[in-house]
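Understanding the architecture of this molecule
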Amino acid sequence: MIGSRIKKAEVLVVGPDVERYTWAEGMTDQYMVNIVLRLTTGDGLEGVAGAAMITANGFDRAVGETLRYLLPDLMGQTPAEREAIWHRMRSLGTPQVPQAQSLIDIALWDMTARHAGLPLYQLLGGARHKILSYASTPLLADNQAYIDYIAERREEGFKAVKFHCWCNPARDLPMCEAAAKHFAGSGVELMLDVEQRYDLAGALKVGRRIGELGFRWFEAPLVDTDVEGYRELRRQTTVPIIAAGNTWIDLQQIGLAIRSGLWSAVRVDATICGGITPLRKIMALAEAHGMTVEIQCWGYTLTQAANLHVMLAYPNCLYFEQPVPYTSFEYGAVDVIRTDREGYVHAPPGNGLGVGIDWKAIEKAAILRFEVAA
């Protein structure tokens, strides 16, 4: 890899025709693009990354368009100098769409691991080969639908389920109580994610009760920046509290949140926080404070793969987030990530991210495509 220089970048913003879901009351079906970046060096090395952007009413091209203006400065750079490249991008002086920087960094890590002939998680540290997963649900119709859904996932091997629901305490809490009662003693862990849509009174009421019910965690009860609200929740409830993970994404911000006692665990996503380079530091920071980092994986297979490799590289993450139903999140992937009969996911089979890409399918569904070359 010494002497290799980045010669070309290809961007495809992919908007496939797949089934769409919602995860809150009153939300319209969400459109999720897969922004795919492929970097190539002059001597033929390749690195690939993918990130999701989710919006209502249509597909969003913003991340792709941001890459159009970042990538020319990447041409001619040495891919092994990921740290230097990351810091240069970070100091451009104006806020950037964070997925754009993340994509560049992840593609460079994929390229490096491929060159080394290793799966990325082994290059990063290789703490383990598998991790437990939880089924991350869409919004379902009613209480019985959630009970039936948990039963189906148990049959598939899942040992944990996280609810995306109405984000209305009056509907969410009876559903949580019904599910907890039905599966009491079954060994299934339950989590609740309400997408930052509660006020403090609702969050306290629901948080206290699901703490009594033994829920594994309560996710995104308040807007991530509600510092005093999160402190109060931690003070007045027993259920572990975590944030949504899309707002406090900088290492310094997360350090402040940890020192302020806002969360029981950290939550971020490699495709949102700037890539694997900063996520490695976040993992270490959390470990130094005795905390896990419950990494997001809501996105297509390339997004899932990047985050899974970090989880497998470090010991301080409890679960992989498995978006279900599977197929809508697997478009364009030859190698997919699915939970096995024992409730675990494993690294994809190849080197680097290890995910084979169906490039014909990706190109067919592309709504924006361009190249930048040296």
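Rules and cut-offs
- Residues numbered from 1 in each chain as written.
- Predicted model: local features only at pLDDT ≥ 70, side-chain atom pairs only at ≥ 80, totals over all residues.
- Heavy atoms only, no water.
- Helix = DSSP H or I, 4+ residues; strand = E, 2+ residues; numbered from the N terminus.
- Buried < 20%, exposed > 50% of the residue type's maximum accessible area, 1.4 Å probe, protein only.
- Contact = heavy atoms within 4.5 Å.
- Areas by Shrake-Rupley, 256 points an atom, 1.4 Å probe, with all protein chains shown as cover.
- Lys, Arg positive; Asp, Glu negative; His and termini not counted.
- Charge placed at Lys NZ, Arg CZ, Asp CG, Glu CD.
- Arc of directions from axis to C-beta.

Description of the overall build of the protein chain
Across its full length, the protein chain holds 12 helices and 11 strands. The principal-axis extent of the C-alpha atoms belonging to the protein chain is close to 60 × 40 × 40 Å. The buried share among the 374 residues of the protein chain stands at 57%. Within the protein chain, contacts between residues at least 6 apart in sequence are counted, and of these 74% link residues at least 24 apart. Accessible area for the protein chain stands at about 14,600 Å²; split by element, carbon and sulfur atoms hold 49% of it. Charged side chains of the protein chain number 36 positive and 43 negative; the gap between the two group centres comes to 3 Å.

Concerning helix α8 (residues 227–236)
Those residues of α8 not exposed but buried are Gly229, Tyr230 and Leu233. The arc that holds every buried residue of α8, seen down its axis, measures 95°, which confines them to one face. Of the residues in α8, the exposed ones pointing more than 90 degrees away from the buried face are Glu228 and Arg235. Considering only its buried residues, α8 is in contact with α7 (200–212) and β8 (241–242).

Digging into the environment of alanine 179
Tracing the backbone through its elements, the reader meets alanine 179 in helix α6 (residues 169–182). What makes alanine 179 buried here is its relative accessible area of 0%. In sequence terms alanine 179 and glutamine 144 are 35 residues apart; their C-alpha atoms lie 8.5 Å from each other. Dropping the residues within four chain positions of it, alanine 179 is found in contact with Ile147, Ile150, Phe163 and Leu190.

So yeah, pure geometry; function would need other evidence.
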